[in-house]
Amino acid sequence: MSGEAAWNPWRALRDRPHITFALAPLPDDTGGAVHAVEGAREAIVIDKRLGRRDRNAALTHELVHSDWGGACPGADGPPALAVVA
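Residues numbered from 1 in each chain as written. Predicted model: local features only at pLDDT ≥ 70, side-chain atom pairs only at ≥ 80, totals over all residues. Heavy atoms only, no water.

Participant: Can you walk me through the overall build of the chain in this structure?
Facilitator: Regarding its fold elements, the chain presents two helices and four strands. Traced from its N-terminal end to its C-terminal end, the chain shows the element sequence α-β-β-β-α-β. When burial is assessed residue by residue, the chain has 35% of its 85 residues classed as buried. Counting every atom, the chain has about 5500 Å² of accessible surface; 54% of that belongs to carbon and sulfur. (Helix = DSSP H or I, 4+ residues; strand = E, 2+ residues; numbered from the N terminus. Buried < 20%, exposed > 50% of the residue type's maximum accessible area, 1.4 Å probe, protein only. Areas by Shrake-Rupley, 256 points an atom, 1.4 Å probe, with all protein chains shown as cover.)

Okay, here's the thing in structure tokens:
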């Protein structure tokens, strides 16, 4: 590496105060994480059963959804989103 710090999804999340984050049990069909948008509000929920590397990958994936679009609509999203409502 060239002396630059590696990109860190947790630091990137801290830089996005408009996103509410939670660790919670999620149904298996969610793939381990969800990103939802309702109006100006955003939420990311990651399954608390994931290991460190999988949490990092899931958070990175959901942050890309935040940047590029493609989220669960809040009202029709998975019931697991209730943890951040």
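Moving on from the coordinates now.
Participant: I tried to follow helix H2 (residues 52–68) on my own but got confused; where do I start?
Facilitator: Every α-helix carries 3.6 residues per turn, so stepping three or four residues along brings you back to the same face. Over its 17 residues, H2 runs 24 Å from end to end, which matches the ideal 24 Å to within 8%, given 1.5 Å per residue. Regarding H2, the residues found buried are Ala58, Leu59, Glu62, Leu63 and Ser66. Taken down its axis, H2 places every buried residue within 135 degrees of arc, on the same side. The outward face of H2, more than 90 degrees from its buried face, is lined by the exposed residues Arg53 and Trp68. In the core, the buried residues of H2 are packed alongside helix H1 (9–14), strand E1 (19–24), strand E2 (33–38) and strand E3 (41–47). A positive phi of about 95 degrees marks Gly69, the residue just after H2. (Expected span 1.5 Å × (residues − 1). Arc of directions from axis to C-beta. Contact = heavy atoms within 4.5 Å.)

Participant: Looking at this structure, I do not really get the pattern of salt bridges. What am I missing?
Facilitator: Two side chains bearing opposite charge may form a pair once their charged atoms approach each other closely. Considering all chains together, one arrives at three salt bridges under this definition. When the shortest N-O distance is used, the salt bridge between Asp67 and Arg16 registers 3.3 Å. Here Arg16 lies in the loop between H1 and E1 and Asp67 lies in helix H2, a separation of 51 residues in the sequence. By relative accessible area, which is 17% here, Arg16 ends up buried. Here Asp47 makes a salt bridge to Arg49, at a shortest N to O gap of 2.5 Å. The buried category is assigned to Asp47, whose relative accessible area is 6%. A single network of salt bridges, built from pairs that share partners, joins Asp28, Asp47 and Arg49. (Salt bridge = Lys/Arg side-chain N within 4 Å of Asp/Glu carboxyl O.)

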